[in-house]
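Observations on chain architecture
Take a look at the letters that make up each chain.
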Amino acid sequence: MKILKIAFQNINSLRGSHEIDFTKAPFTSGSLFAITGPTGSGKSTILDVISLALFNHVPRLGKISKKEILEKGALLTRNQREAYAAVTYACAEGNYTSKWSIAINRNNNLNDYEMEIYHFESGELIDCKKSEVPAKNEELIGLNYNQFIKSVVLAQGEFAQFLRAKKDERGELLEKITGTGIYRNLGIRAYDKFREVNKEIKTRKDNILFLQENLLAPDLKEEKKNELAEKERAYQPKEAEIKALEKKIEQKSLIEKQKLELKDQENKKAAQVKQLDEFKEKYGQAIATHERVQKHADDLREWGRQSNLLKELHADIEKLNDYKANNAKQQSVTLQEAANFTHQNLQPENVEATLQEFSKKINALLQKRAEKVKDYSTLKAQLQRELQHFNFEAKDKSSEPDLNQLNKLKDSLERQLDDYRQSLQGIDVSKLSTEKSRLNNSLESIFKARQLAENITRTENELAKLKQEEEQINKQNQPLPQHINSLKEKEETLNERLQKQQLEKENKELRASLEEHRAKLTDGEPCPLCGAVHHPFATGKPAETSEIVNAIKKTTIDLEAIRKQLSEAENKLKFNTQQLQKTLVNKQKAEEELQQQSDLFSSQFADFEKQRVSGSWDESSQNIKKQLQQMEAYELLVSQISALENAIPLQKNLEQVVHEGKELKAEIAELYSGDDIFKDTNQILQQWTKLSQEAKSLNQQLNDIQAKEAQITTSFSQLETSLKPAIETAGFSSIVEARGALLPDAEYIQLRERRESIQKMIAQHENTISVLNEKLGALLAEDVPENTEQLKELLQEKKTASAELLKACEDLRRMLKNDADNLQKIESIKTEIAEQGKKTKRWRLLNELIGDATGKKFNDFAQDLSLSQLLVLANKRLGDLSDRYRIDKPTESEDDGLVAIDEHMGGQRRSVKTLSGGETFLLSLSLALALSDMASRNVEINSLFIDEGFGTLDPETLDQTLDTLEKLQAESSKTIGIISHVDSLKERIATQIQLKRHGQGYSTLEIK
């Protein structure tokens, strides 16, 4: 990874836009450069720009947000509305630019920051959110933020502190510098995990102790078992006694129920006997009378049926005679209606044939008339097509006016055609299409020539306007260079005056304490410095600092005004120059376009030069258009005459069809005035057919009924003769009287079943009463003298004693079961503890090796390995800086700080605390370079910034250190930047980025 370019605007004290391109001179001549400037001038700001553009982090502030900028006033230069930081770098994937920016919106509120990354060469933006840009840079570079600032930006202060720190402090610093805090977290996690899994085992062991406390002692357990057996033996007889008492109580209840049921059955029997008496009183006589004639019931019912049937037949015969009379009347009306419809005298036998013949005749006439209507429509449509361009419509009444009108119109059109032939002399009317095409081409040529001529005129006007603009711009630019030079001279004069005033202000500030006392001297009072009471120099005191400040303010205001005027003049000159360039380019384009247009007109439209000069384009066009219109009219007349020639015979045929159609219409109107001949004919035929069939049906029905009446009359007489002797024998005076005494079969059966049902219920009640008396006698024989209440009280006493005994047995069983369950649980938990112990063995071993509550055990081990590796790399770098010292870890007998081995003193081991400031810097620098080597082990780092510390070196050591850095740069092709305010670096390092402070807290940047 190598940084190619840094660009930024309005970051901290560096106001305005700045760019540092490491791919251009002077950085290409030597890759070792210095960033110099006084304290607070913004040297570290350059490093802030790099980390801000890549990771949205600044080492001194951490992660940057809008809130951070607002609360701390960081990054955005005071009184500026926008800022950005951009870094272009090379990596294995190519060259990329990462940019961070922020701005104040038009409401004077700070927007949130934005970040983007794009390919440097193509400018193609990589599609990712601003929050994803740092991660994308990390992916491309191969370093995260912490690794980047430790491998690219080396701060000496941290390593000087690291050298002198004790073991615990050194471990914390090394953890911070190398970012290896993960080992401390792993130690804590191992400890916590072991506590977690061990906690489960401890909980199970506590459960075992709790269960063991609740176990029964062996002798107590045996005692409880014996007690349970004894109580179970005592419980069984009591259950038998309870069941015997419950049976006696139940028997008492059965006796009472039997008595109640016996009484209920006796009551029901009495009710049924009463119901039977009432039934006999109400229906007994009717049933006896019915039973007297019951054997003649079928003959009596048949006699009644035939009597009623004869009455119905007489009524039917009368109805059918009425229907026959009405049918004969309707047939007469329908016959007259058919005669009127066909205009003929009809007989009943030929009605159908006459109607069908008449229908066919009318239908034939209607078809002929429909064909004439169709012919009329066809001829009229043909005629209308021929005359569609005329205001003419065929009429039906008379053909004479229409034919005359057509003939007159044809004569008129032929005369107009002769006139057009005269006006179109010189044009071949037999080839009108060719002539029209020729004239249209001429008209199109005139249009194109006119359009080109107008474009030439427009271009000439535009060229004249551009020449005028050129003259105006040259006139405005003429005094500007002299005016700008004058303003620059004024600016230089004011700059010199401002520098002198600022120098005078600084001198006055250095003497501020003495001048303050001198300003307060008063004659007669002792001077606080010398004690004199006379002050000859108190008068004529120099101007106080406030006057100089006011003068500086005035000069600054004048300088800003001159700069503003200068900027406006330079901008105006630049704008006018740009406008002049655009005008000259446009003028050249216009001249070239005018030449092209003129050449094109001369080559293609030379015949129209006269029109272009005179502008008489409309006259030429109108002549051609007039000829085209006459040709169009001529063609129209020819087509109209042809249409009239076709229309005249069509009109004649149309009038003939109309005449024949009228004759057919009159003939049909004489015979038939309806709308549908078939419908009307069918309606009359259907009515006639219906009435004829109805007459036949009525005659047949009348004959059938009369035959049935004669048959039933014979049967009725025979039945009446046979019934009379039997009825008289049964004690009835007539058949009608005997028929009235006979009950309907259903009613008689219902009454008989009801009587038998009552008698059956009485017999059932008597049987039930007998059975109940027998059962009651048996129950009373087994009954005891005690009453029910006495038996219940005795039962309750027995149940209470039995329940108490049962509860005692249940308590003993529960106690013994709980004891057995607890023993089983203890064995189960012991098995689980053994299994859990196998599973947690690795966590126990891991805790013993690396675990503790603070993570110190594993962290110390990891930091010791990191320190050993760091010291190997540091001693390699230190060998390039100095051959005197090597860095080593302390032994157990030494102070726990790092040790410097002095090779010039025979390998003497010295505490780093005894080293001078320069020696400490050399060791710190070697550690910083070593950390960079560690951090960039998997990534090639070709940019390095070393921050401060060079002021502690003597000239010889400084030269040696710079030689080493130059050697490092030459070997690795690294771009190495040294950040320092040491003046001697300016002489040794030719390439410099110099920062200077100015008034109002701003700084400037200059590359030399």
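Everything that follows concerns the structure shown earlier in this document.
Residues numbered from 1 in each chain as written. Predicted model: local features only at pLDDT ≥ 70, side-chain atom pairs only at ≥ 80, totals over all residues. Heavy atoms only, no water.

**Examining the overall build of the chain**
Inclusion rule: We count a stretch as a helix when DSSP gives it H or I for four or more residues in a row; a strand needs E for two or more, and each element gets its number in order from the N terminus. The buried label applies to any residue whose accessible area, calculated with a 1.4 Å probe on protein chains only, is under 20% of its type's maximum; exposed applies above 50%, and partly exposed to all values in between. Here a residue-residue contact requires only that any non-hydrogen atoms of the pair lie within 4.5 Å. Note on areas: Shrake-Rupley with a 1.4 Å probe; residue coverage comes only from the protein chains shown.
The helix and strand tally for the chain stands at 26 helices and 16 strands. Put simply, the chain has 1008 residues, and 36% of those count as buried. When contacts within the chain are restricted to residue pairs at least 6 apart in sequence, long-range pairs at least 24 apart make up 73% of them. Roughly 61,700 Å² of accessible area belongs to the chain as shown, and the carbon and sulfur atoms make up 48% of that amount.

**Comments concerning the environment of Leu772**
Tracing the backbone through its elements, the reader meets Leu772 in helix 20 (residues 745–782). In this structure Leu772 comes out as buried when scored by relative accessible area, which is 5%. Here the alpha-carbon distance between Leu772 and Lys259, two residues 513 residues apart in the chain, equals 8.3 Å. The residues contacting Leu772, other than those within four sequence positions of it, are Gln258, Glu261, Leu262 and Gln265.

**With respect to the environment of Pro134**
By secondary structure assignment, the location of Pro134 is in helix 3 (residues 133–141). Overall, the relative accessible area of 18% leaves Pro134 in the buried class. Considering only alpha carbons, one finds Pro134 and Leu52, 82 residues apart in sequence, at a separation of 9.6 Å. Contacts of Pro134, omitting those with residues within four sequence positions, involve Leu54, Phe55 and Met115.

**Concerning the pattern of salt bridges**
A pair can form between side chains of opposite charge whenever their charged atoms are brought close. Filter applied, for reference: Think of a salt bridge as a Lys or Arg side-chain nitrogen and an Asp or Glu carboxyl oxygen that are within 4 Å of each other.
Summed over the entire model, instances satisfying the criterion amount to 21 salt bridges. Between Glu570 and Lys488 there is a salt bridge whose closest N-O contact spans 4.0 Å. Here Glu570 is found in helix 15 (residues 545–604), whereas its partner Lys488 is found in helix 13 (residues 480–510), with 82 residues between them in sequence. Judged by its relative accessible area of 33%, Glu570 is partly exposed. Residue Lys488 is classed as partly exposed on the basis of its relative accessible area of 39%. With a closest N to O distance of 2.9 Å, Glu810 and Arg813 form a salt bridge. Of this pair, Glu810 and Arg813 are both found in helix 21 (residues 788–839), three residues apart, which corresponds to roughly one turn of the helix. Given the relative accessible area of 33%, Arg813 is considered partly exposed.

**Some words on the packing of aromatic side chains**
Note the cut-off: Between 30 and 60 degrees the pair is tilted, below 30 it is stacked and above 60 it is edge-to-face, where a pair is any two Phe, Tyr or Trp rings, Trp via its six-membered ring, whose centres lie within 6.5 Å. Charges are assigned to positions over rings by a cutoff of 6 Å between ring centre and Lys NZ or Arg CZ, combined with an angular limit of 35 degrees from the ring normal.
Enumeration according to the criterion identifies eight aromatic pairs in this entry. When the centroid spacing of 4.9 Å and the interplanar angle of 70° are considered together, the rings of Phe22 and Phe27 count as edge-to-face. Just as Phe22 is buried, Phe27 falls in that class too. With a centroid separation of 5.3 Å and an interplanar angle of 35°, the aromatic rings of Phe22 and Phe33 are classed as tilted. Of this pair, Phe22 sits in the loop between strand 2 (14–21) and strand 3 (32–36) while Phe33 is found in strand 3, placing the two residues 11 residues apart along the sequence. Considered together, Phe22 and Phe33 belong to a single accessibility category, that of buried residues. Here the aromatic residues Phe22, Phe27, Phe33 and Phe945 are joined through ring pairs into a cluster of three or more. Directly above the aromatic system of Tyr1002 lies the positively charged group of Arg15, at a separation of 3.9 Å from the ring centroid.

**Focus on the packing of helix 10 (residues 351–386) against helix 18 (residues 677–729)**
The test is simple: Where helices are involved, their axes are fitted lines through C-alpha atoms of the stretch in contact, as for all axes, and angles between N-to-C directions lie from 0 to 180°. Note that the term roughly parallel is reserved for angles under 35 degrees, roughly antiparallel for angles over 145, roughly perpendicular for angles of 65 to 115, and oblique for everything else. Residues are grouped as follows: nonpolar covers Ala, Val, Leu, Ile, Met, Phe, Trp, Tyr, Cys and Pro; charged covers Asp, Glu, Lys and Arg; every other residue, Gly included, is treated as polar.
Running from N to C, helix 10 and helix 18 cross one another at 175°; their axes reach a closest spacing of 10 Å. With respect to helix 18, the axis of helix 10 lies roughly antiparallel. Between helix 10 and helix 18, the contacting residues are Val351, Glu352, Leu355, Gln356, Phe358, Ser359, Ile362, Asn363 and Leu366 on the first element and Ile677, Phe678, Thr681, Ile684, Leu685 and Trp688 on the second. Looking at the contact of helix 10 with helix 18 residue by residue, the class counts come to 10 nonpolar, four polar and one charged.

**Things to note about unusual backbone geometry**
Each neighbour pair has its own omega, and for Ala25 with Pro26 the value is 10°, a cis peptide bond. Its place among the elements puts Pro26 in the loop between strand 2 and strand 3. Within the chain, Asn10 stands out as a residue other than glycine whose phi angle is a positive 55°. Within the secondary structure layout, Asn10 lies in strand 1 (residues 2–11). Residues other than glycine seldom take positive phi values, yet Asn56 does so here, at roughly 55°. Its place among the elements puts Asn56 in the loop between helix 1 (43–55) and strand 4 (57–58).

**Considering the sheet that holds strand 10 (residues 885–888)**
To be explicit about the condition: When DSSP finds two or more bridges between a pair of strands, those strands are recorded as paired.
One open sheet accounts for three strands, arranged 10-11-12; its pairing is antiparallel. A strand with exactly one partner marks an edge of an open sheet, and here the two such strands are strand 10 and strand 12 (908–911). Strand-to-strand, the axes of this sheet are offset by a mean angle of 35°, without reference to chain direction. Sheet topology places strand 11 (residues 899–902) next to strand 12; four bridges connect them, and they run antiparallel. Across the sheet, residue Ile901 finds its bridge partner in strand 12, namely Arg909.

**Concerning the pairing of strand 15 (residues 992–997)**
In this sheet, strand 15 lies alongside strand 3 in parallel orientation, the contact comprising three bridges. The residue of strand 15 that forms the bridge with Ile35 is Ile993. Inspection of the sheet shows strand 15 paired to strand 16 (residues 1003–1007) by five bridges, in the antiparallel sense. Note on strand 16: the bridge partner recorded for Ile993 is Ile1007. A loop of five residues connects strand 15 with strand 16, the two strands running antiparallel in sequence, and Gln1000 in this loop sits at a positive phi of about 65°.

**Re helix 1**
Residues spaced three or four apart along an α-helix point in a common direction, a consequence of the helix completing one turn every 3.6 residues. The test is simple: Here a helix's expected span is defined as the number of its residues, less one, multiplied by 1.5 Å.
In this model, helix 1 (13 residues) spans 19 Å end to end at C-alpha, consistent with the 18 Å of a helix rising 1.5 Å per residue. Counting buried residues along helix 1, 12 of its 13 residues qualify, which places the element largely inside the surrounding structure. At the C-terminal side of helix 1, Asn56 shows a positive phi close to 55°.

**Focus on the side chain of Ser359**
Looking at the element boundaries, Ser359 is found in helix 10. Once you skip the residues sitting within four places of it in the chain, Ser359 turns out to touch Ile677, Phe678 and Thr681.

**Describing the pairing of strand 11**
Both faces of strand 11 are covered, namely the face carrying Val899 and Ile901 and the face carrying Ala900 and Asp902. The sheet contact formed by strand 10 and strand 11 spans four bridges and is antiparallel. Across the sheet, Tyr885 pairs through a bridge with Asp902, a residue of strand 11. Here strand 11 hands over to strand 12 after five residues, with Gly906 in that stretch at a positive phi of 70°.

Interpretation note: all reported values are geometric properties and have no functional meaning in isolation.
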